[in-house]
Amino acid sequence: MGKQEVNKHMLKMGSSEQETSEEIRVKKMDILKDFQVSFFSMSRLPSFPWTVSMFVEKDLQNNRSSEFISDILKQTCLHPLCRKFPPSVRYRRLFLTELIRREAAGCDPLDELYDALAEVVGAEDTTECYKSYLLPAGDAVSLLESVALISEGTTGLVTWEAALYLAEWALDHQQAFTGRTVLELGSGVGLTGITICRSCSPNRFVFSDCHPSVLQKLRANVQLNGLTEQQTPTVSVEELDWTAATEEQLRRIGADTVIAADVVYDPDVVGHLVKLLSQILKCSSSPEVFICSTIRNPETYSSFKQQLENAGLSHQVITGGVSHVFPYNRLSSIEMIKLHR
């Protein structure tokens, strides 16, 4: 091989090494982002990208460096969002314990890691905590939620999977909400509605629920995310009892788009929901109505569809995927339908 060929070969090798280094850097950034998204939404620890990050860990172990663990810490427990809206004490304790377990063997202990753990070891657990759901634009929807799935006699104090799916669908179909008046049934703690208000430019958004504790938490979360009646979109939180809602109340709201997530779960209330949906579709505004459900009990869901048919309401299953924005179990059976009279 001549001198010119050797130089070309060396340049090619250098370019290849540079590309590999760049690929590793991008991969590392993606992993850190995944850790951040999972941490602030309090995803289950086994769902974190521990395995994917092993190649980084091995590289750090060879260099006896805790740099990657430090970077994870800065994007989670030491991030300003964690200071303002911290996940539960127990969750942070478990997360930091797992980080310590995975700290590169032979490295000097990372002081800020043990300092962060010391903060939560003696802290008292509470019945409420913050979960933050990061939006594509980089900001976050932060919600005060119950630690328990069922609290104060209701399931409405936590965010459920269908609400996350519906929020992702809304981000992909912003035209269904832009410039419109939107009514959400069974808003719960507010994830879907707040996401739409922050990202889809509705003219007006009406959150609704009926349980007193849920309404209190919902109002707090709407305010927490900077939504008020004095700015666009104008927002309000209303008590809407499905058994007592009147056509006058629905006409006053004047919704162009109606949404609901995870409202088909109790056979005892399905009939009231169908009656309300029938009333809504009779309104002069002829709104578009979208219902998103996690199908936990096929019998209950089939009964809901049958009662829709009996009430003269047809439905269309909305197919196609959604952009993966929020972390949740995507193996769950989730269906979204659009109603028609």
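For the structure, check the block above.
Residues numbered from 1 in each chain as written. Predicted model: local features only at pLDDT ≥ 70, side-chain atom pairs only at ≥ 80, totals over all residues. Heavy atoms only, no water.

Some remarks on helix α5 (residues 89-102)
Item 1. Compared with an ideal rise of 1.5 Å per residue, which puts 14 residues at 20 Å, α5 spans 20 Å between its outermost C-alpha atoms and is within 8% of the ideal.
Item 2. Those residues of α5 not exposed but buried are V89, Y91, R92, F95, L96, E98, L99 and R102. (Helix = DSSP H or I, 4+ residues; strand = E, 2+ residues; numbered from the N terminus. Expected span 1.5 Å × (residues − 1). Buried < 20%, exposed > 50% of the residue type's maximum accessible area, 1.4 Å probe, protein only.)

Side note on empty space enclosed by the protein
Item 1. Taken as a whole and assessed by the stated rule, the structure comprises two cavities of 30 Å³ or more.
Item 2. Grouping the constituent residues of the lining of the largest cavity by class yields seven nonpolar, two polar and no charged. (1 Å grid on protein atoms, 1.4 Å probe; cavity = no way out; pocket = protein on both sides within 12 Å on 5 of 7 lines; lining within 4 Å. Points joined across faces, edges and corners; volume = space filled by probe spheres on them. Nonpolar A, V, L, I, M, F, W, Y, C, P; charged D, E, K, R; others polar.)

Examining the pattern of salt bridges
Item 1. Taken as a whole, this structure holds 15 salt bridges when the rule is applied.
Item 2. The salt bridge partner of R101 is E98, with a shortest N-O separation of 2.8 Å. One end of the pair is R101 and the other is E98, both in helix α5 and three residues apart, which spans about a single turn.
Item 3. Assessed through its relative accessible area of 18%, E98 is described here as buried.
Item 4. Here E128 makes a salt bridge to K217, at a shortest N to O gap of 2.8 Å. Linking E128 in strand β1 (residues 128-134) with K217 in helix α9 (residues 212-224), this pair joins segments that are 89 residues apart in sequence. (Salt bridge = Lys/Arg side-chain N within 4 Å of Asp/Glu carboxyl O.)

Examining the pairing of strand β9 (residues 334-340)
Item 1. Along β9, five of the seven residues are buried, which leaves the element largely enclosed by surrounding structure.
Item 2. As defined by bridge partners, strand β7 (residues 288-294) adjoins β9 across six bridges and the pair is classed as antiparallel. By the bridge assignment, S293 is partnered in β9 with E335.
Item 3. Here strand β8 (residues 314-317) runs beside β9; their pairing, made up of four bridges, is antiparallel. Bridge pairing links H315 to L339 in β9. (Pairing = 2+ DSSP bridges.)

Remarks on the nonpolar core
Item 1. One finds W169, F177, F205, F207, I259, F326 and M336 to be the most contacted residues of the largest nonpolar core, which totals 40 residues.
Item 2. Elements with a minimum of two residues in this core: β2 (140-146), α7 (161-172), α8 (191-199), β4 (204-209), α9, β5 (234-239), β6 (257-261) and β7.
Item 3. Not counting residues up to four positions away in its chain, the partners in contact with F205 are V182, E184, G193, I196, C197, T234, V235, S236 and I259. (Core = buried A, V, L, I, M, F, W, Y, C linked by side-chain atoms within 4.5 Å. Contact = heavy atoms within 4.5 Å.)

Focus on the sheet that holds β7
Item 1. With mixed pairing, seven strands are arranged side by side in an open sheet as β5-β4-β3-β6-β7-β9-β8. Two strands in the sheet have a free side with no partner beyond their single neighbour: β5 and β8. Within this sheet the neighbouring strands show an average axis-to-axis angle of 20°, counted without direction.
Item 2. Pairing of β6 with β7 involves five bridges; the strand directions are parallel. Each bridged residue has a counterpart across the sheet, and for A260 the counterpart in β7 is I291.
Item 3. Sheet strands touched by α9: β4 and β5. Its angle to β5, the strand with the most contacts, is close to 170°. (Axes fitted to C-alpha atoms, helices over the stretch in contact; angles between N-to-C directions.)

Some points on the environment of R219
Item 1. Positionally, R219 belongs in helix α9.
Item 2. By relative accessible area, R219 is classed as partly exposed at 42%.
Item 3. The sequence separation of R219 and S236 amounts to 17 residues, and the corresponding C-alpha distance is 8.6 Å.

Quick notes on the layout of surface pockets
Item 1. Roughly 840 Å³ of volume is contained in the largest pocket.
Item 2. Considering the residues around the largest pocket, the lining is formed by 32 residues, among which S41, M42, S43, R44 and K131 are closest to the centre.
Item 3. Secondary-structure elements contributing two or more residues to the lining of the largest pocket are α1 (3-40), α5, β1 and α7.
Item 4. Grouping the amino acids of the lining of the largest pocket by side-chain chemistry returns 15 nonpolar, ten polar and seven charged.

Re the packing of aromatic side chains
Item 1. All told, the structure shown has 14 aromatic pairs when counted by the stated rule.
Item 2. Relative to F95, the ring of F39 has its centre 4.9 Å away and its plane inclined at 50°; by these criteria the two rings are tilted. Taken together, the residues F39 in helix α1 and F95 in helix α5 connect sequence positions 56 residues apart.
Item 3. With relative accessibility at 0%, the residue F39 sits in the buried group.
Item 4. For F95, a relative accessible area of 0% translates into the label buried.
Item 5. Seen in terms of ring centroids, W169 and F177 are 6.3 Å apart; in terms of plane orientation they differ by 85°. Their pairing is edge-to-face. (Phe/Tyr/Trp six-rings, centres within 6.5 Å; stacked < 30°, edge-to-face > 60°.)

In short, the description is geometric, and any link to function would need to be established separately.
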